[in-house]
Amino acid sequence: MYGGNDKSLAEIAAEVKKTVIGQDEAVDWLCTFADAACARSRIIHEQGIDALSLPNVGSALIVGPTASGKSHLLKTFAKASGLLFQQIDASSMSAAGYIGDSFGKQWVRACAALDENPDRNILIFVDEVDKLFAQTHTSREGTAIYDLLKPLEGGILEGSDDSRNGTPYALDCDRCIFVMAGAFTGIEDIIASRIGISRSTIGFSSASENAPSENDLSEDGLRERVSLEDVETWGMPREMAGRLSTVRFLAALNEEALREIVRRNKQNEYARMLPAGARFSIDTAAEDVLVENALEAHYGARSINQQINDVFFGALWRALATTHPVASVTLTARNGELDFDIEQGEPSEIPEPAPQRSEQERLSASAAYGLLSKTHNYLMSHNGTIKLDPHASLGESDVEYAAALLEHSSSIEIDKHGLRASNDYTLAEIVLLNSLLSLLRDWFSAKDRTPKGLRTLLSLADCTCKVKSPLDVMFYQIESGARYTPDTDENGEETGSWSWQPSNFVRTGDGVRPADTGGLEPSQDRALGYYTEFRGFPLQAQQKAVNSLAFRLL
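Residues numbered from 1 in each chain as written. Predicted model: local features only at pLDDT ≥ 70, side-chain atom pairs only at ≥ 80, totals over all residues. Heavy atoms only, no water.

### Things to note about the sheet that holds strand β8 (residues 279-282)
Phase 1 of the analysis: Pairing is mixed across the open sheet formed by 3 strands, whose spatial order is β8-β9-β10. Strands at the two margins of the open sheet, each flanked by one partner only, are β8 and β10 (337-344). Averaged over all pairs of adjacent strands, the angle between their axes in this sheet comes to 15°, without regard to strand direction.
Phase 2 of the analysis: The strands touched by helix α14 (residues 300-321) are β8, β9 (326-334) and β10; relative to β10, the strand with the most contacts, the crossing angle is about 35°. (Pairing = 2+ DSSP bridges. Helix = DSSP H or I, 4+ residues; strand = E, 2+ residues; numbered from the N terminus. Axes fitted to C-alpha atoms, helices over the stretch in contact; angles between N-to-C directions. Contact = heavy atoms within 4.5 Å.)

The structure is reproduced here in structure tokens:
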């Protein structure tokens, strides 16, 4: 694998299958496909072979329903294999009024990661690509589809992004593995028509040997037979379908897989949020409710996360703040609703250590390194001097403001080789700063977009509290579309009880309301994406970042 390690295919597949449940065939396929693509890249770069004389291996399409585990599969594989990883939400590239994203900007970020890691390839995951095709039915030239088409040709892709200064890039596409994915709603009817199967059982006798089986007629049964011809008929441009190496179907998670996810993954994940040594378990009653609701909602593991979060980071989290010490917590169900039991006492076991990201993984993380690269490019293009006063104005550009704050930082080194952070908390600080700037610009009114508004948001980022910080709660409104508010009577007087209500947040650029969409994913909102990465840093690094940024803003 061209990813800086010497693991075998079997070792990588086994590691991925530990946390990717119910998709063993897909894991084996992805490992094999990516290894072949990396082998092709090695031949091109190490042996000097002309790419045109080699098979076209390096781009794939996954057809699968929402919550079938596409993102989790690819992220887990990239980490196990040593490949760099970058996720792109294709639907945002053509959404009217969407702020701050384009394929050009994504290629700048990919170049930055590859330049920093010359011995590694990058897996670029383009999610919801079907929505991009569905929105464009006329000329492809000059559209976002065309911007995505060119990298699939291989070779060096040169251009610049659409920022005010037009950051240039030269992306070596032969070091990129492109995996696109989408639900392609309705494609099963196209498949049935191609293979001559009627989805109606009218005219078939149950005894007829020619009658299609129940699986043949099912959505998953038909989608298993998907081809590039079907995808093109659905709406993918022919020139793009012709450049794809392969197309793969990914089935929705079944009941057995969902139960295994609850037992194997969720108990460990949530246990790490408890006081050190406290046990966390999910009993049979809770497991039944979680799986039944997930199957009914057709949101797979995402539904399980949402259900647990509503209890864990709601009533349970508040109870933990006043319960000391905690020996164990059990998620259970009463009358068909999730509930919990807390056992007080000293923790009786040493917790399993949580996996830690290495310094190299942090530096090459998409948001962190991309922001460093943007800041560096801005400083270099202005000879290291920024005229903007960060205490008086936020300026016109988030990168400009970040550069103005950080240009004199002793923790950042600037030279001809680029910009680097000397320790963890500087990366965390830059990610936090850009998260807050994005939050101000995208979710607040113009009158709040001032240094004072930025300092106000920062004051809400208390990383030492036992429950969610006020800033966590604010971002939770974007992520879930809900807020926890006091109940009132018909006279507007508070009753003393609290309940979850739809959030009133509205994204200023495109009018998106999380309350209407069921919340946003980190890939769908830049502020949430940056903040999610910030919360991935160790708690001590987060607190140092908050303190350091507060000092800069004084």
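### Observations regarding the pattern of salt bridges
Phase 1 of the analysis: A full pass over the atoms with the stated rule returns 24 salt bridges.
Phase 2 of the analysis: We note a salt bridge from Asp28 to Lys17, for which the minimum N-O separation is 2.9 Å. Separated by 11 residues along the polypeptide, Asp28 in helix α2 (residues 24-47) and Lys17 in helix α1 (residues 9-17) bring together distant segments of the chain.
Phase 3 of the analysis: Note that Asp230 is salt-bridged to Arg194, the shortest N-O span being 2.6 Å. Here Asp230, found in helix α10 (residues 228-234), pairs with Arg194, found in helix α7 (residues 187-195); they are 36 residues apart in sequence, far enough to count as distant.
Phase 4 of the analysis: Residue classification places Arg194 among the partly exposed positions, given a relative accessible area of 34%.
Phase 5 of the analysis: Among the ionic contacts, a cluster of salt bridges with common partners joins Glu255, Arg259, Arg263, Glu287 and Asp288. (Salt bridge = Lys/Arg side-chain N within 4 Å of Asp/Glu carboxyl O. Buried < 20%, exposed > 50% of the residue type's maximum accessible area, 1.4 Å probe, protein only.)

### Some thoughts on α1
Phase 1 of the analysis: Listed in full, the buried residues belonging to α1 are Ile12, Ala13 and Val16. Within α1, the buried residues cover an arc of 100° as seen down the axis, which keeps them to one side.
Phase 2 of the analysis: Check the buried side of α1 and you find it contacts α2 and α3 (70-81). (Arc of directions from axis to C-beta.)

### Observations regarding the side chain of Arg40
Phase 1 of the analysis: In this fold, Arg40 is placed in helix α2.
Phase 2 of the analysis: Take Arg40: its relative accessible area is 14%, and that puts it in the buried class.
Phase 3 of the analysis: Beyond its immediate stretch of four places on either side in the chain, Arg40 contacts Ala51, Leu54, Pro55, Asn56, Val57 and Asp174.

### Comments concerning unusual backbone geometry
Phase 1 of the analysis: In this structure, Pro325 follows His324 across a cis peptide bond, with omega equal to -15°.
Phase 2 of the analysis: On the secondary structure map, Pro325 appears in the loop between α14 and β9.
Phase 3 of the analysis: Here the phi dihedral of Glu128 falls at roughly 55°; this positive angle occurs in a residue that is not glycine.
Phase 4 of the analysis: Within the fold, Glu128 resides in the loop between β3 (122-127) and α5 (129-134).
Phase 5 of the analysis: Using a relative accessible area of 18% as the deciding quantity, one classes Glu128 as buried.
Phase 6 of the analysis: One non-glycine residue with positive phi stands out, namely Phe184, at about 50°.

### Section: the nonpolar core
Phase 1 of the analysis: Ranked by size, the top nonpolar core spans 43 residues in total, and within it Tyr401, Leu439 and Leu454 carry the most contacts.
Phase 2 of the analysis: Looking at this core, the elements with two or more residues in it are α16 (366-381), α17 (398-406), α18 (424-443), α19 (451-459), α20 (470-480), α22 (526-534) and α23 (539-553).
Phase 3 of the analysis: Ranked by residues supplied to this core, first place goes to α18 with 10 residues.
Phase 4 of the analysis: Those residues within four positions of Leu439 in sequence are excluded, and the remaining contacts are Phe444, Leu457, Leu471, Met474, Phe475, Ile478 and Ala527. (Core = buried A, V, L, I, M, F, W, Y, C linked by side-chain atoms within 4.5 Å.)

### Details of the packing of aromatic side chains
Phase 1 of the analysis: For the structure shown, the criterion picks out 15 aromatic pairs.
Phase 2 of the analysis: Between Tyr270 and Phe312 the ring centres are 5.0 Å apart and the planes differ by 55°, which places this aromatic pair in the tilted class. With Tyr270 in helix α12 (residues 255-271) and Phe312 in helix α14, this residue pair connects regions lying 42 residues apart in the sequence. Phe312 matches Tyr270 in its accessibility class, with the two residues each being buried.
Phase 3 of the analysis: Taking the centre distance of 6.0 Å and the plane angle of 40° together, the rings of Phe312 and Trp317 count as tilted. Across the pair, Trp317 and Phe312 agree in class, each one buried. (Phe/Tyr/Trp six-rings, centres within 6.5 Å; stacked < 30°, edge-to-face > 60°.)

### What about the pairing of strand β6 (residues 176-182)?
In summary, the side chains of a regular strand alternate between the two faces of the sheet.
Phase 1 of the analysis: Among the 7 residues that make up β6, 7 are buried, leaving the element largely enclosed by the rest of the structure.
Phase 2 of the analysis: In β6, alternate side chains face the same way, and those of Cys176, Phe178, Met180 and Gly182 on one face and Ile177, Val179 and Ala181 on the other are all buried.
Phase 3 of the analysis: As paired elements, β3 and β6 share 5 bridges and run parallel to each other. If you follow Val126 over to β6, its bridge partner there is Met180.

### Description of α14
Phase 1 of the analysis: For α14, with 22 residues, the first-to-last C-alpha span of 31 Å sits near the 32 Å given by 1.5 Å per residue.
Phase 2 of the analysis: Roughly 30° is the biggest bend found in α14, and it falls at Ala315. (Expected span 1.5 Å × (residues − 1). Bend = angle between axes of the 7 residues up to and from the residue.)

### Description of the packing of α19 against α23
Phase 1 of the analysis: The N-to-C vectors of α19 and α23 enclose an angle of 155°; their axes lie 11 Å apart at closest approach. On the basis of their axis angle, the class for α19 and α23 is roughly antiparallel. Read as a crossing pair, α19 and α23 show a hand that is left-handed. Packed against α19, whose contacting residues are Leu454, Arg455 and Leu458, the element α23 presents Val546, Leu549, Ala550 and Leu553 at the interface.
Phase 2 of the analysis: For the contact of α19 with α23, the per-class residue count stands at 6 nonpolar, no polar and 1 charged. (Parallel < 35°, antiparallel > 145°, perpendicular 65-115°, else oblique. Left-handed = near helix turned anticlockwise from the far one by under 90°. Nonpolar A, V, L, I, M, F, W, Y, C, P; charged D, E, K, R; others polar.)

### Describing the sheet that holds strand β1 (residues 59-63)
Phase 1 of the analysis: Spatially, 5 strands are ordered β2-β3-β6-β1-β7 in an open sheet, and the strand pairing comes out parallel. Two strands bound the open sheet, and with one partner strand each, they are β2 (84-89) and β7 (246-249). The mean inter-strand angle of the sheet, taken between neighbouring strand axes irrespective of direction, is 20°.
Phase 2 of the analysis: Judged from the 5 bridges that link them, β1 and β6 form a sheet pairing that is parallel. The residue of β6 that forms the bridge with Ser59 is Phe178.
Phase 3 of the analysis: Together, β1, β2, β3 and β6 form the strand contacts of α3, whose direction differs from that of β3 by roughly 175°.

Structural measurements only, silent on function.
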